[in-house]
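Listed here are the chains, written in short residue letters.
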Amino acid sequence: MLNVGIIGASGYTGAELARILSTHPEVRLTVATSRQYAGKPLSAVFPNLRKRVDLLCEDLTPEQLVDRADFFFAAVPHKTAMALVPTLLAAGKKVVDLSADFRIRDAAVYEQWYQPHTCPELIAEAAYGLPELYREQVKQARLVANPGCYPTSIILGLAPLLREKLIDPSTLIIDSKSGTSGAGRSASVDTLYCEVADGFRAYKVGGTHRHIPEIEQELSVLAGSAVTISFTPHLLPISRGILSTIYATLSSAVSEQDIQALYESTYKDESFVRVCPAGIFPATQHVRGSNCCDIGVKCDPRTGRVIIMSAIDNIAKGASGQAVQNMNLMNGFAEDCAIRGAAFFP
């Protein structure tokens with residue numbers, strides 16, 4: 001059994017990690033940290049974990065943590081993670097970091113969008129944890145940078161077309177919508193029920209969302225040249241789920257049937273990417289609670305554009321489910337262990 005710890009267990013991603021790991025036959029959850037709820041049972045913070053997780057929340061230093069587990073999930077805010085990871089790695093532990101601290105390969109770009117980086121030497125070592133693109137690197141890694149939720153939906157949605165150079169990357173327009181859990185569990189006026197229910201709005205408009213450099217980094221790798229995107233996120237009045245609608249101009253004459261076939265061929269062996277049948281499009285309620293990414297495509301012959309729609313659960317494939325998928329790969333477990341369940345519906 002692999003002893004596993006969750007650092008930052010009192011947020012939504014920490015709770016989802018605990019829920020998934022409680023069903024994992026190869027691991028034992030041995031420590032869960034939370035400054036706010038130290039001394040309180042995690043199942044009291046999240047009652048859905050009653051009789052499933054019996055740990056007390058603890059407030060521990062990195063030096064204290066290293067004796068409590070062999071593998072760690074860092075489900076903590078940006079900057080906090082980079083202060084923890086070096087100590088864990090030096091002690092021979094493996095880590096999946098759910099923050100952005102090791103996702104962006106250029107430290108200067110990271111510092112432009114976030115804050116100064118205190119251990120930039122680890123950035124080059126970190127594997128970008130999107131298994132469908134970097135499976136072999138993840139298997140060999142001791143540090144994995146778990147992708148952001150918006151980037152996961154967008155990169156998987158665009159990968160086949162960019163690899164085959166079937167679209168003009170300079171024409172990319174991405175319109176994404178997320179449930180309110182993407183903003184985290186901390187109290188905020190913007191995510192109060194009365195501020196969100198019965199409404200729909202954009203936020204971080206005009207190229208200001210922090211996921212942009214991560215998205216552009218990975219799309220540039222796929223395209224083989226620098227990619228700049230127009231990206232506008234929106235807040236949906238639902239708890240969990242992301243739907244990204246992506247527009248691009250086709251760079252060559254290709255039929256919708258050929259594009260459909262390309263997606264089906266690209267993802268035919270991927271357990272967690274489901275290409276919708278022609279004429280069927282993804283919906284957040286069909287991936288809720290699952291580690292799946294559903295993708296649908298449609299050509300618009302009038303404008304010469306292709307439209308890609310991609311749906312994920314932002315807490316699962318967009319965070320904790322994908323983190324467990326990476327843990328499985330890093331430790332030689334079945335990749336879908338504990339995350340193969342179907343979506344919650346209705």
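Note: the structure precedes this text.
Residues numbered from 1 in each chain as written. Predicted model: local features only at pLDDT ≥ 70, side-chain atom pairs only at ≥ 80, totals over all residues. Heavy atoms only, no water.

Engineer: Can you walk me through the nonpolar core in this structure?
Structural biologist: It is characteristic of soluble globular proteins that their nonpolar side chains tend to be buried jointly. Membership of the largest hydrophobic core comes to 41 residues, with the highest contact counts inside it found for Leu158 and Leu219. Mapped by element, the contributors of at least two residues to this core are helix H6 (131-140), helix H7 (149-163), helix H9 (212-223), strand S11 (242-249), helix H10 (256-267), strand S13 (293-300) and strand S14 (305-312). The element contributing the most residues to this core is H7, with 9 residues. Every residue in contact with Leu158, bar those within four places of it in the chain, is listed here: Ile167, Leu172, Ile174, Leu219, Ile246, Tyr263 and Ile308. Counting 38 residues, the second-largest nonpolar core is a separate cluster that includes Ala15, Tyr37, Leu55 and Val96. (Core = buried A, V, L, I, M, F, W, Y, C linked by side-chain atoms within 4.5 Å. Buried < 20%, exposed > 50% of the residue type's maximum accessible area, 1.4 Å probe, protein only. Helix = DSSP H or I, 4+ residues; strand = E, 2+ residues; numbered from the N terminus. Contact = heavy atoms within 4.5 Å.)

Engineer: Would you explain the layout of surface pockets in this entry?
Structural biologist: A water-sized probe rolled over the atoms picks out the places where empty space is left. Volume-wise, the second largest pocket comes out at about 260 Å³. Together, 13 residues line the second largest pocket, and Tyr12, Glu16, Asn48, Arg240 and Ile315 are the ones closest to its centre. Across the lining of the second largest pocket, the residue classes tally to 5 nonpolar, 4 polar and 4 charged. (1 Å grid on protein atoms, 1.4 Å probe; cavity = no way out; pocket = protein on both sides within 12 Å on 5 of 7 lines; lining within 4 Å. Points joined across faces, edges and corners; volume = space filled by probe spheres on them. Nonpolar A, V, L, I, M, F, W, Y, C, P; charged D, E, K, R; others polar.)

Engineer: I tried to follow H10 on my own but got confused; where do I start?
Structural biologist: In this model, H10 (12 residues) spans 17 Å end to end at C-alpha, consistent with the 16 Å of a helix rising 1.5 Å per residue. If you check which residues of H10 are buried, you get Ile259, Gln260, Leu262, Tyr263 and Tyr267. The arc that holds every buried residue of H10, seen down its axis, measures 155°, which confines them to one face. For H10, the elements touching its buried residues are H7, strand S12 (273-275), S13 and S14. (Expected span 1.5 Å × (residues − 1). Arc of directions from axis to C-beta.)

Engineer: Help me understand the sheet that holds S14, please; the structure alone is not making it clear to me.
Structural biologist: Backbone hydrogen bonds hold the strands of a sheet together, and the pairing may be parallel or antiparallel. Taken in spatial order, the 7 strands of this open sheet run S9-S10-S8-S11-S14-S13-S12, and their pairing is mixed. Across the chains shown, the open sheet's two edge strands, defined by having one partner strand only, are strand S9 (201-202) and S12. Strand direction decides the pairing type here: strand S8 (residues 173-178) and strand S10 (residues 230-235), joined by 6 bridges, are parallel. Bridge pairing in S10 places Asp175 opposite Thr232. Against the sheet, H7 contacts S8, S10, S11, S12, S13 and S14, and its axis sits at roughly 140° relative to S14. (Pairing = 2+ DSSP bridges. Axes fitted to C-alpha atoms, helices over the stretch in contact; angles between N-to-C directions.)

Engineer: It is not clear to me how the pairing of S14 should be interpreted in this structure. Could you clarify?
Structural biologist: Across a regular strand the side chains alternate sides, sitting on one face of the sheet and then on the other. Counted residue by residue, S14 has 7 buried out of 8 residues, so it is predominantly covered. The sheet contact formed by S11 and S14 spans 8 bridges and is antiparallel. The residue of S14 that forms the bridge with Thr245 is Met309. With 8 bridges connecting them, S13 and S14 associate as antiparallel partners. Within the sheet, the bridge partner assigned to Asp294 lies in S14 and is Ala311.

Engineer: I tried to follow the environment of Glu132 on my own but got confused; where do I start?
Structural biologist: Among the structural elements, Glu132 can be located in helix H6. What makes Glu132 buried here is its relative accessible area of 9%. Remark: the alpha-carbon pair of Glu132 and Leu122, spanning 10 residues in sequence, is separated by 23 Å. The residues contacting Glu132, other than those within four sequence positions of it, are Leu156, Glu270, Phe272, Val273, Lys317, Gln322 and Gln325. Of note is the side chain of Glu132, whose polar atom sits 3.0 Å from the side chain of Lys317. (Polar contact = N/O pair within 3.5 Å; in protein donor to acceptor, adjacent residues only side chain to side chain.)

Engineer: Got a minute to help me understand the sheet that holds strand S3 (residues 57-58) in this structure?
Structural biologist: If you trace the 7 strands from one edge of the open sheet to the other, you get S3-S2-S1-S4-S5-S7-S6, paired in parallel fashion. Edge positions in the open sheet fall to S3 and strand S6 (127-128), since each of these has one partner strand only. Packed onto the sheet, helix H1 (residues 12-21) meets strand S1 (2-7), strand S2 (27-33) and strand S4 (71-74) and runs at close to 160° relative to S1.

Engineer: Would you mind going over unusual backbone geometry with me for this structure?
Structural biologist: Leaving glycine out, the prevailing phi sign among residues is negative, and the prevailing peptide bond configuration is trans. Along the chain, Phe345 connects to Pro346 via a cis peptide bond; the corresponding omega equals 0°. Locating Pro346 in the fold gives a position in the segment after helix H11 (316-330). Backbone geometry places Lys165, a non-glycine residue, at a positive phi of 55°. Counting through the fold element by element, Lys165 comes out in the loop between H7 and S8. Using a relative accessible area of 53% as the deciding quantity, one classes Lys165 as exposed. A positive phi is found at Asp198, a non-glycine position, where the angle reads about 60°. In this structure, Asp198 sits in the loop between helix H8 (193-196) and S9.

Engineer: Is there a simple way to think about the packing of aromatic side chains in this case?
Structural biologist: Here the distance between the centres and the angle between the planes together describe a pair of aromatic rings. Tallying each qualifying case throughout the model produces 4 aromatic pairs. A centroid spacing of 4.8 Å and a plane angle of 15° characterise the contact between Tyr110 and Tyr114, whose relative ring orientation is stacked. Both residues of the pair, Tyr110 and Tyr114, count as buried. The interplanar angle of 85° and the centroid separation of 6.0 Å between the aromatic rings of Tyr128 and Tyr134 together place this pair among those described as edge-to-face. Here Tyr128 and Tyr134 have matching classes, each one buried. (Phe/Tyr/Trp six-rings, centres within 6.5 Å; stacked < 30°, edge-to-face > 60°.)

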